[in-house]
Amino acid sequence: MSAASNPYVLPAIIAVTLVTVAIGFYGLKLARTTSDLLVASRVVSPTWNAAAIGGEYLSAASFLGVAGLILKNGVDMLWYPVGFAAGYLALLLFVAAPLRRSGAFTLPDFCEARLRSRRLRKLATAFVIFIGWFYLVPQMQGAGLTLTALLGGPYEVGAVLVGTVVTANVALGGMRAITFVQAFQYWLKLTALAVPAVFLVLQWQADGRPPVTPPEGPTFRETTTVVIDHPATLTFADGTTREVRPGDALTFAAGDPVPEVSTVATTRGLDWLLPGGSGEGELGLFASYSLILATFLGTMGLPHVLVRFYTNPNGAAARRTTLGVLTLVGLFYLLPTLYGVLGRIYTPQLLMTGKSDAVVVLLPGAALGDGLTGQLLAALLAAGAFAAFLSTASGLLTSVAGVISTDVLGRGSVRDFRRATLIAGAVPIVLSLNVSGLDVSQVVGLAFAVAASGFCPLLVLGIWWRGLTDVGAAAGILAGGGAAVGAVLVTVLSPPLHGWPAVLVAQPAAWTVPLAFTVMIVTSLATRDRIPTNVGAIMLRLHAPDSLRL
Amino acid sequence: MTTSGAPIGPTGEVTPPQRTRIVLAEVARQRGDRDRIRRELAEQTRVGEALVRGLVRAQLALAVRLSVVVAIGLGGLPLLFAVAPPVGTAKVFGINLPWLLLGVAAYPFLVGIGWIFVKLAERNEQDFAALVRQPDR
């Protein structure tokens, strides 16, 4: 069962890394000015840009985490990929074209251009850096996890390796290089999931279409040995329980039902198959809506997503690019579901170990055996997973470094940008070595909640409402974004909660987003005298068609 | 029409960047009345401001209308599954309906809404541009 003997995985990962670096250096020759580095001199065509944005967006959480969540918790988890895609629709409807026309480079730039406040700019900078770092940590974690699952190497090596490659590549090539890298990596990721999926479905047919939800619950298909990592209580199908300690090795025969493990939250039977199974009644419904709100509205507030829009030549191109991204991202998300469902049949031991994020890379070996086909497909998936870490981490790092170089270090010269990249890359590498217990997709979900609570109200109200003031914007970001950051810290640092407090903290968007909007509107109304004097001219600039060039 | 004849809007006390104003006004004088509305837009006169407000309102109404469609079409699903469990257990092609709706159908639905938005938003902008270019219709 172990893929540690697969001789193709390491060469595949090295090839992806080398191609990434090579395209980075090719771009280096073209990167001459700060503008080249930051926004690719705004000459990227919508097709390239859409593939690049898609490549940048589909992170470890999408490539590995979504399938793992579906494996563990079933149909309710489909809201993650739907929300990740729908975020681009919200971006398209409310933000894309006006944001591009605003002419700002980063979100702090937008704050200053729209509301003329240096202090608001500083606040936005702090949030951009927080979200960026919080989103970078799970990427490096995912890299470490993949290496451990496939090669048996230490977790730290994978995390530091990806962190170093990405930091060096961004510092040397900047964003022009990244555009080519990201576009290449979108297609690599799609291929890496699509090709093995065809083989897996054919294998499932050849196996006589084993049921995904057999009446007796998930069962082992072949003799499997599971080694226990944490002390836990196992509950077997006949109701008996057994205490296990780390290091215990349990062997199950083919056809044995998979016992439930007290430390791993999974859903079984009809709860997995039917909606509303993973939470109880109102709690589950609240959690569903909170997740929908966070993912639908959070995408527009992610720093690495926003910075891409400034590479479009004009507002109309920004809209077409966004539609392209929505299409490409939607196409991609058809695939992880398949892996999660088939993982239920072929890799049920992940329900016991809880390392469900590894389902995508382990599935070919489990379903197709250790033959050449299985090994090559596993190597392809490993390459895709690495492309996912490299591209998302590069995009995040570019935007965080861009903000640090212009707002914290100095005037945004090329040298400042390179120094900022080193700082921006070092922090998440160190953090990722110290927090290995977090769930990749949940961390990403929380980052979306912070982005939705902090930046979504700022962008939507800033673009569509003349009455927004700098004080109102700051109060809204502090109230909504601050509450979401608090929820994140409680989730990460505090002992597990139960009942309503647990749901309110784990899925905060349903209350923090309305809070942010309310505070922003009420405070703006109370400080009406601070509405910028040039608001009419700004509105004209944001919304007037590109052809008028007003 | 001369510069002094231009109406002073409600934001008349507002002073946009002086240089921009002079350049645009001179261009407008050279071209005559044809560019009157264009100049009024830039100068934030009452007519210009009303035009921009109209465009912003039209685009916002379009975006809000389409998000309501998504809110009902997708956002209604958890509620539907909660109040009508048979929908959750129904099968199409041997697959449970929620899996098909969320795993497959949601994506073409979102892309379709996005496509409609791009078309209609561009039409709104063309209408606005036509209005500005031919003020004396």
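(A) A look at the overall build of chain A. Along its length, chain A carries 22 helices and 5 strands. Expressed as a percentage of its 550 residues, the buried residues of chain A come to 60%. Long-range contacts, defined here as pairs at least 24 residues apart, represent 82% of the contacts in chain A between residues at least 6 apart.

(B) Structural detail: the overall build of chain B. What chain B contains, in helices and strands, is 6 helices and 2 strands. Per-residue burial for chain B yields a buried fraction of 29% across its 137 residues. Long-range pairs, those at least 24 residues apart, make up 59% of the contacts in chain B with a sequence separation of at least 6.

(C) Seen up close, the packing of helix α5 (residues 79-94) of chain A against helix α13 (residues 315-346) of chain A. Residue and element names in this part refer to chain A. In contact at an axis separation of 9 Å, α5 and α13 are set at 175° when each is read in the N-to-C sense. It follows that α5 is roughly antiparallel to α13 by the angle criterion. Seen from α5, the contacting residues are Pro-81, Phe-84, Ala-85, Tyr-88, Leu-89, Leu-91 and Leu-92; seen from α13, they are Arg-319, Thr-322, Leu-323, Val-325, Leu-326, Val-329, Gly-330, Tyr-333 and Pro-336. Of the residues belonging to the contact of α5 with α13, the class tally is 13 nonpolar, 2 polar and 1 charged.

(D) Region of interest: helix α15 (residues 359-368) of chain A. Residues and elements named next belong to chain A. The buried count for α15 comes to 10 of 10 residues, which makes it a mostly enclosed element. Looking only at α15, the buried set comprises Val-359, Val-360, Val-361, Leu-362, Leu-363, Pro-364, Gly-365, Ala-366, Ala-367 and Leu-368. Just beyond α15, the residue with positive phi is Gly-369, at close to 85°.

(E) Seen up close, the sheet that holds strand β5 (residues 260-261) of chain A. Residue and element names in this part refer to chain A. Read across the open sheet, the 3 strands follow the order β3-β2-β5; overall the sheet is antiparallel. Edge positions in the sheet fall to β3 (241-244) and β5, since each has one partner strand and no second. For strand β2 (residues 232-235) and β3, the ladder comprises 4 bridges, and the chain directions are antiparallel. If you follow Thr-233 over to β3, its bridge partner there is Glu-243.

(F) Region of interest: the interface of chain A and chain B. At the interface, 40 residues of chain A touch 44 residues of chain B. When residues of the side of chain A that touches chain B are assigned to their parent elements, the largest contribution, 10 residues, is made by α13 of chain A. Residue composition of the side of chain A that touches chain B, grouped by class: 28 nonpolar, 10 polar and 2 charged.

(G) Representation of unusual backbone geometry in the model. One non-glycine residue with positive phi stands out, namely Arg-116 of chain A, at about 55°. Tracing the backbone shows Arg-116 of chain A in the loop between α7 (107-115) and α8 (118-151).

(H) Representation of the environment of Gly-482 of chain A. Structurally, the position occupied by Gly-482 of chain A is in helix α19 (residues 470-493). Between the C-alpha atoms of Gly-482 of chain A and Ser-453 of chain A, which are 29 residues apart in sequence, the distance is 8.4 Å.

(I) Spatial organisation of the nonpolar core. Residue and element names in this part refer to chain A. In terms of nonpolar packing, the biggest core is built from 213 residues, with Val-329, Ala-382, Ala-383 and Ala-385 touching the most fellow members. Per-element tally for this core: the top contributor is helix α16 (residues 372-409), with 20 residues. Not counting the four nearest positions on each side in its chain, Val-329 is found in contact with Gly-54, Tyr-57, Leu-58, Phe-84, Ala-85 and Tyr-88.

(J) Region of interest: the confidence of the model for chain B. All names here are of chain B. On average, residues of chain B score 72 in pLDDT, and 62% of them reach the 70 mark or higher. Within chain B, the element-level pLDDT minimum falls on helix α1 (residues 18-31), averaging 45, and the maximum on helix α6 (residues 97-133), averaging 88. Here residues 1-14 is a poorly scored stretch, pLDDT under 50, and it has 16 contacts once near neighbours within four places are set aside; other chains count. Confidence drops under a pLDDT of 50 for residues 20-30, and excluding neighbours within four residues, the segment shows 9 contacts in the predicted structure.

(K) Spotlight on the environment of Asp-256 of chain A. Residues and elements named next belong to chain A. Along the polypeptide, Asp-256 turns up in the loop between β4 (249-252) and β5. Along the chain, Asp-256 and Leu-18 lie 238 residues apart, while their C-alpha atoms are 44 Å from each other. When residues no more than four places from it in sequence are discounted, the contact partners of Asp-256 are Thr-219 and Phe-220.

(L) Representation of the packing of helix α4 (residues 60-73) of chain A against α16 of chain A in the model. Residues and elements named next belong to chain A. Packing of α4 against α16 leaves a shortest axis separation of 7 Å and a crossing angle of 135°. Taken together, the axes of α4 and α16 lie oblique to each other. Along its contact with α4, which presents Ala-60, Ser-62, Phe-63 and Leu-64, the element α16 presents Gly-384, Ala-385, Ala-388, Phe-389 and Thr-392. Looking at the contact of α4 with α16 residue by residue, the classes come out as 6 nonpolar, 3 polar and no charged.

(M) Structural detail: the environment of Trp-115 of chain B. Residues and elements named next belong to chain B. For Trp-115, the location among the structural elements is in helix α6. The exposure class of Trp-115 is partly exposed, given the 14 C-beta atoms found within 10 Å. Distance from Trp-115 to Gly-94, taken between C-alpha atoms, is 31 Å for residues 21 residues apart in sequence.

Scoring rules and cut-offs
Residues numbered from 1 in each chain as written. Chains lettered and ligands numbered in written order. Predicted model: local features only at pLDDT ≥ 70, side-chain atom pairs only at ≥ 80, totals over all residues. Helix = DSSP H or I, 4+ residues; strand = E, 2+ residues; numbered from the N terminus. Buried ≥ 20, exposed ≤ 12 C-beta atoms within 10 Å, placed from the backbone. Contact = placed C-beta atoms within 7 Å. Axes fitted to C-alpha atoms, helices over the stretch in contact; angles between N-to-C directions. Parallel < 35°, antiparallel > 145°, perpendicular 65-115°, else oblique. Nonpolar A, V, L, I, M, F, W, Y, C, P; charged D, E, K, R; others polar. Pairing = 2+ DSSP bridges. Core = buried A, V, L, I, M, F, W, Y, C linked by C-beta atoms within 7 Å. pLDDT = per-residue confidence, 0-100.

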